[in-house]
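Remarks on the overall topology
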Amino acid sequence: MQQTTCNTIFIEEAEILSQQGFENGQFVLRVHAPKCAKTAQAGQFAHLQCDPQRLMRRPLSIMRVSVTEGWVEFLYKTVGEGTQLLSQRKVGDTLSMMGPIGQPFTLDAKRPKALLLGGGVGIPPMVCLSETISQQHPTIQPLVFMGSEIPFPFERAASNMPVKGLSADISDGFPLLESWSIPSRLASMQGFEGVYQGYITDLARDWLNALSDEEKNQVTVYACGPTPMLKAVAALAKEFDLPCQVSLEEYMACAVGGCAGCVVKVTTDQGEAMKRVCVDGPVFDATTVFG
């Protein structure tokens, strides 16, 4: 994945290349959208028209891109009529797509230990950021924790990459990340074998507690997921005095800053302000949103 500073939003007729279904209404969608793929960065999203009969688009976080092959991949869950219609679209169909949109994650080479936390449909930006690191930032050492209260949208597999501070029975990870030499572990309250039994923040705390002070000073936290999870991640980062970037999930109408329907209150140097998640975010410094 190629990182750029381009702020152009493209509108493309994106052809569906594949649509893979998983348990509990989860789908991985890959479309041919070369303009978006060329400039997309981890943390950004696209706005898709789910069906020609539904004018209202849906924002989907970008999970993977291929600049050379011109495709963009998304993970989504069917939660309403729009995403239900999207799940029925077939290979060869086209979707009107706007993207890439929003402010991406920012990597800090001075803090080379990157802790990536993704919960539910917040998993895609962490995959995207992992791939960016693996391809472009060899000095950064990512560790990825993913949480879900429904079956994960991929085949779990035991990791062969040990993680400091975690017991051997917390074994399962995401094979795609492992193929990039990135260690990963999974968390859930659903009793899946090989998966940490608890919240993703508890798993992260176990790892952080196993680090020396010098190692902790090298950590930056990156997270995406439901608001309660992000609040807990922000509190965890504050507890350990770690910089933290969060990608917010909000309902959006236009997704280009015109309707101001996705505003959130943030703290700035000038005081409190209302910021649009779509274009001022979705990535924010956690302290500006959650204190």
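Below or above, wherever it landed, is the structure these notes cover. Model, not experiment: these values are computed from the prediction.

1. Side note on the overall build of the protein chain
Of the regular secondary structure elements, the protein chain holds eight helices and 17 strands. Scaling as 2.2 N^0.38, a compact globule of 291 residues should have a C-alpha radius of gyration of about 19 Å, and the protein chain matches this with 18 Å. Each of the three principal axes of the protein chain carries a C-alpha extent, and together these read 55 × 50 × 35 Å. Put simply, the protein chain has 291 residues, and 54% of those count as buried. Here the analysis covers contacts within the protein chain between residues at least 6 apart in sequence; of these, 66% occur between residues at least 24 apart. Total accessible area on the protein chain stands at roughly 12,900 Å², and carbon and sulfur atoms take up 50% of it. In the protein chain, 23 side chains carry a positive charge and 30 a negative one; their mean positions are 5 Å apart.

2. Notes on the pairing of strand E16 (residues 271–276)
Bridge count for strand E15 (residues 263–268) against E16 is six bridges, and the pairing is antiparallel. For threonine 267, the partnering residue across the bridge sits in E16 and is glutamate 272. In textbook terms, the turn of a hairpin is the stretch between consecutive antiparallel strands, and for E15 and E16 this stretch comprises two residues.

3. A look at the side chain of glutamate 215
Following the sequence through the fold, glutamate 215 ends up in helix H6 (residues 213–216). Within polar-contact distance, the side chain of glutamate 215 engages the side chain of lysine 164 at 3.0 Å. Only 2.8 Å separates the side chain of glutamate 215 from the backbone nitrogen of serine 212, close enough to count as a polar contact. Residue contacts for glutamate 215: discarding those within four places in its chain leaves Lys113, Lys164 and Ala210.

4. Re the pattern of salt bridges
By the definition in use, this model includes ten salt bridges. For the salt bridge of arginine 54 with glutamate 81, the shortest nitrogen-to-oxygen distance reads 3.2 Å. In this pair, arginine 54 sits in strand E4 (residues 54–66) while glutamate 81 sits in helix H2 (residues 81–87), placing the two residues 27 residues apart along the sequence. The closest approach of N and O atoms between glutamate 239 and arginine 205, which form a salt bridge, is 2.8 Å.

5. Points about the packing of aromatic side chains
Per the counting criterion, the structure on display carries five aromatic pairs. When the centroid spacing of 5.5 Å and the interplanar angle of 15 degrees are considered together, the rings of phenylalanine 27 and tyrosine 76 count as stacked. You can see phenylalanine 27 sitting in strand E2 (residues 26–32) and its partner tyrosine 76 sitting in strand E5 (residues 71–77), a full 49 residues away along the chain. Accessibility assignment for this pair places phenylalanine 27 and tyrosine 76 in one class, buried. Through a chain of ring-to-ring contacts, the aromatic side chains of Phe152, Phe154, Phe174 and Phe192 assemble into a single cluster. When the ring centre of tryptophan 71 is taken as reference, the NZ or CZ atom of arginine 30 above it lies at 3.5 Å.

6. Topic: the pairing of strand E13 (residues 219–224)
Side-chain positions along a regular strand alternate between the two faces of the sheet. With six of its six residues buried, E13 lies for the most part within the structure. By the alternation rule, side chains of E13 split into Val219, Val221 and Ala223 and Thr220, Tyr222 and Cys224, which are all buried. In this region the chain leaves E13, passes through helix H7 (residues 227–239) and returns to the parallel neighbour strand E14 (residues 244–247); the handedness of that crossover is right-handed.

The rules behind these values
Residues numbered from 1 in each chain as written. Predicted model: local features only at pLDDT ≥ 70, side-chain atom pairs only at ≥ 80, totals over all residues. Heavy atoms only, no water. Helix = DSSP H or I, 4+ residues; strand = E, 2+ residues; numbered from the N terminus. Rg over C-alpha atoms; globule rule 2.2 N^0.38 Å. Buried < 20%, exposed > 50% of the residue type's maximum accessible area, 1.4 Å probe, protein only. Contact = heavy atoms within 4.5 Å. Areas by Shrake-Rupley, 256 points an atom, 1.4 Å probe, with all protein chains shown as cover. Lys, Arg positive; Asp, Glu negative; His and termini not counted. Charge placed at Lys NZ, Arg CZ, Asp CG, Glu CD. Pairing = 2+ DSSP bridges. Polar contact = N/O pair within 3.5 Å; in protein donor to acceptor, adjacent residues only side chain to side chain. Salt bridge = Lys/Arg side-chain N within 4 Å of Asp/Glu carboxyl O. Phe/Tyr/Trp six-rings, centres within 6.5 Å; stacked < 30°, edge-to-face > 60°. Lys NZ or Arg CZ within 6 Å of the ring centre and 35° of its normal. Right-handed = clockwise from strand over helix to strand, strands pointing away.

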